[in-house]
Amino acid sequence: MISNWCSHTAVGNCINNSTCISRHLGGTRLLVCNNDESIKILDLPTLSLIVTLKFKTAINYASVSPDGKYMCATGDTSDVYLYEISQSSGYKKISTLTALNDAGFSCSWNPVSNKFAVACQDGAVCVWDIRDSRKIATLNSSQPSHIKGACRNVKFSQGGSVDLMVFSEHVSYFSIVDARNFNKIQSVRMSRSGADVHISGLAFSPKSTNLFVATESYINEYLIDVENRRSFSGGQLL
């Protein structure tokens, strides 16, 4: 169904770094992460402001868990903020974690809402279990440079029981990870050697049978080896 609905609102005088739409607390919510050191949470479709969460740094990304009970956020420092969401308390910060040494650009939850990952400027992706403040995995980019190898996006597969995570670097490379134990990584170069391309985003299809990776000028589609993933076989992830 195609909708012609459109609306707009002003949320501040600084740059909006990212937006996230989530269903929780009995409605559809829009999270706006801003350089004014805040996350503004608005109702959809009315765009009325529900609450503003304030921080001590610009916030680059926030993600709500699929069950609507938690939110993680990352910004221009190595701090990672974990919130509990409930009808009684609203958005309650329950922990401030530390990634590695630099800013975070993206975060994502696994489909059962007990693990989340943060992609960082210093070329690391850090993974936590909500039941423990210690990182359960730290994955590194293929390129050592904090520019080329900076991790910009991270996503967990949400359907199809394939249990995968993918993250992209600033240029040329993305890596797909076995999210059952985080000990197997397959890195893919999108361009020929010596010809870097900037990666602008990535996403799994709803059933996780396909992976889409976008550059400045095109989108590549990759097929996931779903049969092997469901049978817990070895081999390639793509």
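For the structure, see preceding data.
Being a predicted model, the structure only gives us computed values, none of them experimental.

Conventions used here
- Residues numbered from 1 in each chain as written.
- Predicted model: local features only at pLDDT ≥ 70, side-chain atom pairs only at ≥ 80, totals over all residues.
- Heavy atoms only, no water.
- Helix = DSSP H or I, 4+ residues; strand = E, 2+ residues; numbered from the N terminus.
- Buried < 20%, exposed > 50% of the residue type's maximum accessible area, 1.4 Å probe, protein only.
- Polar contact = N/O pair within 3.5 Å; in protein donor to acceptor, adjacent residues only side chain to side chain.
- Pairing = 2+ DSSP bridges.
- Axes fitted to C-alpha atoms, helices over the stretch in contact; angles between N-to-C directions.
- Phe/Tyr/Trp six-rings, centres within 6.5 Å; stacked < 30°, edge-to-face > 60°.
- Lys NZ or Arg CZ within 6 Å of the ring centre and 35° of its normal.

Undergrad: Which parts of the structure should I look at to understand the environment of Arg 180?
TA: Within the element layout of this structure, Arg 180 appears in the loop between strand E15 (173–178) and strand E16 (185–189). Residue class for Arg 180 comes out partly exposed when judged on its relative accessible area of 25%. The spatial distance from the C-alpha of Arg 180 to the C-alpha of Asp 163 is 6.1 Å, given a sequence separation of 17 residues. A polar contact is formed between the side chain of Arg 180 and the side chain of Asp 163, at a distance of 2.8 Å.

Undergrad: For this particular structure, what's the right way to read the sheet that holds strand E6 (residues 70–75)?
TA: Hydrogen bonds between backbone atoms are what pair the strands of a sheet, whose relative direction is either parallel or antiparallel. Across the sheet, four strands lie side by side as E5-E6-E7-E8; this open sheet has antiparallel pairing. One side of each edge strand has no neighbouring strand; the edge strands of this open sheet are strand E5 (59–64) and strand E8 (90–98). The mean inter-strand angle of the sheet, taken between neighbouring strand axes irrespective of direction, is 20 degrees. Alignment of E5 against E6, held across five bridges, turns out to be antiparallel. Looking across to E6, one finds that Ser 63 is bridged to Cys 72.

Undergrad: What exactly am I supposed to notice about the sheet that holds strand E4 (residues 49–54) here?
TA: Spatially, the four strands line up as an open sheet ordered E1-E2-E3-E4, and their pairing is antiparallel. Both edges of this open sheet fall to strand E1 (16–24) and E4, since each of them pairs with a single strand only. Strand-to-strand twist across the sheet, computed as the mean angle between neighbouring axes with direction ignored, equals 20 degrees.

Undergrad: Which parts of the structure should I look at to understand the packing of aromatic side chains?
TA: One pair of aromatic rings is described through two measures. These are the centre distance and the angle between the planes. Under the criterion given, the structure shown has seven aromatic pairs. For the pair Phe 55 and Tyr 83, a centre-to-centre distance of 6.1 Å together with 65 degrees between the ring planes defines the contact as edge-to-face. With Phe 55 in the loop between E4 and E5 and Tyr 83 in strand E7 (residues 79–86), the pair connects residues that are 28 residues apart, well separated along the chain. We classify Tyr 83 as buried; its relative accessible area is 6%. Each residue in the set Tyr 70, Trp 109, Phe 116 and Trp 128 is aromatic and connected to the rest through ring pairs, giving one cluster. For Arg 152, the ring lying beneath its charged end belongs to Phe 105, and the centroid distance is 4.3 Å.

Any link to function would need more than the numbers given here.
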